[in-house]
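# Breakdown of the fold
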Amino acid sequence: MAILFKNVTAVLMDPAHTVLEGAYVAVEGRTIDSVGVTRPAGSFDREIDGRGGILMPGLVNAHTHVPMTAMRGYGDGHNLQDWLNDFIFPVESRWDDRAVAACTSLGLMEMIASGTTCIADMYMRTGVIAQAAADAGISANLSCGGVFFGEDFSPAVCVDCANETELADRWHGHDHGRIQIDASLHAEYTSKPGLWEWTADFAKSRGLGMHVHISETKREHEECRARWGNTPIQTLAKYGVFDVRAIAAHCVWTEPEDWAVMAEKGISAVHNPVSNLKLGSGVAPIPDLRKAGVNVALGTDGVSSNNATDLFADLKIAAILQNGVRCDPLALNAWDALEMATVNGARALGRNTGVIEAGRDADLILLDAEAPNLTPCHDAANNLAYAAHGGNVILNMCRGKVIYENGEFRTIDAEKVRREVLDYAVPVLFGRN
Ligand SMILES: [Zn+2]
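Note that residues are indexed from 1 along each chain, following the sequence as it is written. Local features are withheld for residues below a pLDDT of 70 in this predicted model, meaning they are given only at 70 or higher, and side-chain atom pairs are given and counted only at 80 or more; totals for whole chains, interfaces and linings count all residues. Neither water nor hydrogens contribute to the side-chain values; these are computed over all heavy atoms in the structure.

### Brief notes about the packing of aromatic side chains
Between 30 and 60 degrees the pair is tilted, below 30 it is stacked and above 60 it is edge-to-face, where a pair is any two Phe, Tyr or Trp rings, Trp via its six-membered ring, whose centres lie within 6.5 Å. Tallying each qualifying case throughout the model produces eight aromatic pairs. Summarising the aromatic geometry, the rings of Y74 and F430 are spaced 4.8 Å apart at their centres and angled 70 degrees between planes, so their arrangement reads as edge-to-face. Of the two residues, Y74 sits in the loop between strand 6 (59-64) and helix 1 (80-92) while F430 sits in helix 16 (residues 414-430), which places them 356 residues apart along the sequence. For F430, a relative accessible area of 14% gives the class buried. Considering the side-chain rings of W196 and Y239, the 5.1 Å spacing of their centres and the 80 degrees angle between planes classify their relative orientation as edge-to-face. In this pair, W196 sits in helix 6 (residues 193-206) while Y239 sits in the loop between helix 8 (232-238) and strand 12 (246-250), placing the two residues 43 residues apart along the sequence. We classify W196 as buried; its relative accessible area is 0%. To qualify as a helix, a DSSP run of H or I must reach at least 4 residues; to qualify as a strand, a run of E must reach at least 2; elements of each kind are numbered from the N terminus. Burial classes follow relative accessibility: with a 1.4 Å probe on protein chains only, a residue under 20% of its type's maximum area counts as buried, one over 50% as exposed, and anything between as partly exposed.

Take a look at the structure:
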């Protein structure tokens, strides 16, 4: 299908920070075909008049746990360890596939409606998540967050080894690579060297990326040092965990030597500012990571610690947080934050998206720039980073297919999902209606 966006303000997210007024962006099949200020030749199946709108690359949510929408607002007001042990883990023990499917679809609806076209997820029952993401039309790097607490590791006794193998066999590369599987460790403190070695080999032999939680809390970081004499990044790096494309979620307590390892190995950091602030985990050293040459992407983390998946909200916090804590209004600017949410996220996930240019995946979102909160527009980047919210998104196109437009979901039955969550998943998980 050929689609033409016309008369639109296009924020390309190229290195030159180009903003094209009165732009034409042509889409052919799954791919952006041309970008310019004159009408391209040829005929189109659909022409979308974007007058009064801003077109930008779809957002990349580079670290999330989609099914946790079920825990929105549950157990708030505790530190990370208490919150996990007393609230989250007991609820998670009651998941079944049907509840995961319902809560995943709900999370994807929220993301799609607020402009996300691509995610990196880490959770359990990942095959169910893969089916929901495949059906929703969104691009997803999915992983199951491998854990191992026992003493004598062998792949035969580690459930997650079987899970990851099955997942990669079934889903990696699905629909022309729209669904990809990443190898994954939940974290250093929830696994053992045997699993680290197995996961590193598994990723290398299957050509998969890697997704790990790193140095989210001070306690986690320091306990790793006490256990292994080194930081989580450097400990896992010694086992080859980061010898493939890798994303390290959080990195709040990482140190200069960690940044050097990350830059050298090409490990992307995923900044989750709202989650880190809410759980009191700290403020990640984003300007230092960037200065050290580390690619920094942006994520919401799970809804249970955010409590939303509107990435525009995280984008704004990311853009202003460093300025505040460093008393430096230039510590991070609007373009820096927008890059984290788009092109840097694409790089982190190994995706051909995040920029509006010919040959890239046609992952595009259209915002209503005539909304009160985006009026007037002296500078499109400033409006997008500091003033926009997900509710300004009026169209979401993922890989050339419009999956959301003017409040309507094209791939998800919104009312059915809502009913499934409230009538089935919530009673199963919380034992109440
Ligand atoms: Zn997380």
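Following the structure, the description resumes.
### Concerning the sheet that holds strand 12
Here a strand pair is declared whenever DSSP counts at least two bridges between the two strands. Strand order in the open sheet formed by five strands is 10-11-12-13-14, with parallel pairing between adjacent strands. Strand pairing shows two members of the sheet lacking a second neighbour, strand 10 (183-187) and strand 14 (296-298), which therefore form its edges. Pairs of neighbouring strands in the sheet enclose a mean axial angle of 25 degrees, with direction left out of account. When strand 10 meets strand 11 (residues 210-214), the two strands line up parallel, connected through four bridges. Bridge pairing in strand 11 links A187 to H213. Lines fitted to the C-alpha atoms define the axes, with helices restricted to the stretch that makes contact. Angles between their N-to-C directions range from 0 to 180 degrees.

### Things to note about the coordination of the zinc ion
The textbook angles at a metal center are 109.5 degrees for a tetrahedron of four donors and 90 or 180 degrees for an octahedron of six. Only nitrogen, oxygen and sulfur atoms qualify as donors, and only when within 2.8 Å of the metal (3.2 Å in the case of Na, K and Ca); with water excluded, sites may look incomplete. Note on the zinc ion: its protein donors are H63 (NE2), H65 (NE2), H213 (NE2) and D301 (OD). The metal-donor distances range over 2.1 to 2.4 Å. Only four donors with every angle between 85 and 135 degrees are called tetrahedral; only four or six donors with opposite donors over 155 degrees apart and all others between 65 and 115 are called square planar or octahedral, in that order; all others are irregular. Every donor counted, the four donor atoms about the zinc ion form angles of 82 to 173 degrees at the centre, which fits irregular coordination. Read in sequence order, the donor residues coordinating the zinc ion give the pattern H-x1-H-x147-H-x87-D. In this pair, H213 sits in strand 11 while D301 sits in the loop between strand 14 and helix 12 (311-325), placing the two residues 88 residues apart along the sequence.

### Considerations on helix 12
Multiplying 1.5 Å by the residue count of a helix minus one yields the expected span of that helix. Between its terminal C-alpha atoms helix 12 stretches 21 Å, which fits the 21 Å expected from 15 residues at 1.5 Å a residue. For helix 12, the set of buried residues is L311, F312, D314, L315, A318, A319, L321, Q322 and N323. The backbone nitrogen of F312 has a side-chain oxygen 3.0 Å away, supplied by the residue at the start of helix 12, namely D310. Positioned one or two residues after helix 12, C327 has a phi angle of 50 degrees, which is positive. Polar contacts, as used here, are pairs of N or O atoms within 3.5 Å; protein pairs need one atom able to donate a hydrogen and one able to accept it. Residues neighboring in sequence count only if both atoms are side-chain atoms.

### Regarding the domain arrangement of the chain
Bear in mind that the domain bounds are from an automatic or database domain assignment. Annotation of the chain at the domain level lists domain 1 (2-57 + 360-409) and domain 2 (59-349). Its C-alpha centre places domain 1 at a distance of 28 Å from the equivalent point of domain 2. Counting from both sides, the interface comprises 26 residues of domain 1 and, opposite them, 29 residues of domain 2. Taken together, the two surfaces of domain 1 and domain 2 that pack against each other cover about 2,400 Å², and 67% of this comes from carbon and sulfur. Three residues, M13, Y386 and R399, lead the burial of domain 1 against domain 2; their summed loss comes to 25% of the area buried on that side. A pair is scored as a salt bridge if a Lys or Arg side-chain nitrogen falls within 4 Å of a carboxyl oxygen belonging to Asp or Glu. Inspection of the region where domain 1 meets domain 2 yields zero salt bridges. Run the count over domain 1 and domain 2 and you get eight residue pairs in polar contact (both at pLDDT 80 or more). Elements with a minimum of two residues in the side of domain 1 that touches domain 2: strand 5 (53-57), strand 15 (364-368), helix 15 (380-387), strand 16 (393-398) and strand 17 (401-405). The element best represented in the side of domain 1 that touches domain 2 is helix 15, accounting for five residues. Contacts between residues were defined by any pair of non-hydrogen atoms, one from each residue, lying within 4.5 Å. Values labelled buried area give the accessible surface lost by two parts on being combined, using a 1.4 Å probe and summing over both.

### Regarding helix 3 (residues 126-136)
Burial analysis of helix 3 places eight of its 11 residues in the buried class, which makes it a mostly covered element. Taken together, the buried positions of helix 3 are T126, V128, I129, A130, A132, A133, A134 and A136. Trailing helix 3 by a residue or two, G137 shows a phi angle of about 90 degrees, which is positive.

### Observations regarding the environment of L315
Following the sequence through the fold, L315 ends up in helix 12. Take L315: its relative accessible area is 0%, and that puts it in the buried class. When residues no more than four places from it in sequence are discounted, the contact partners of L315 are L298, A337, L338, A341 and A385.

### A closer look at the pairing of strand 5
Burial analysis of strand 5 places five of its five residues in the buried class, the great majority of the element. The sheet contact formed by strand 1 (residues 2-11) and strand 5 spans two bridges and is parallel. Its bridge partner being in strand 5, A10 is matched across the sheet by L55. Examined bridge by bridge, strand 5 and strand 15 share five bridges and lie antiparallel to one another. Within strand 15, the position partnered with M56 by the bridge is I365.

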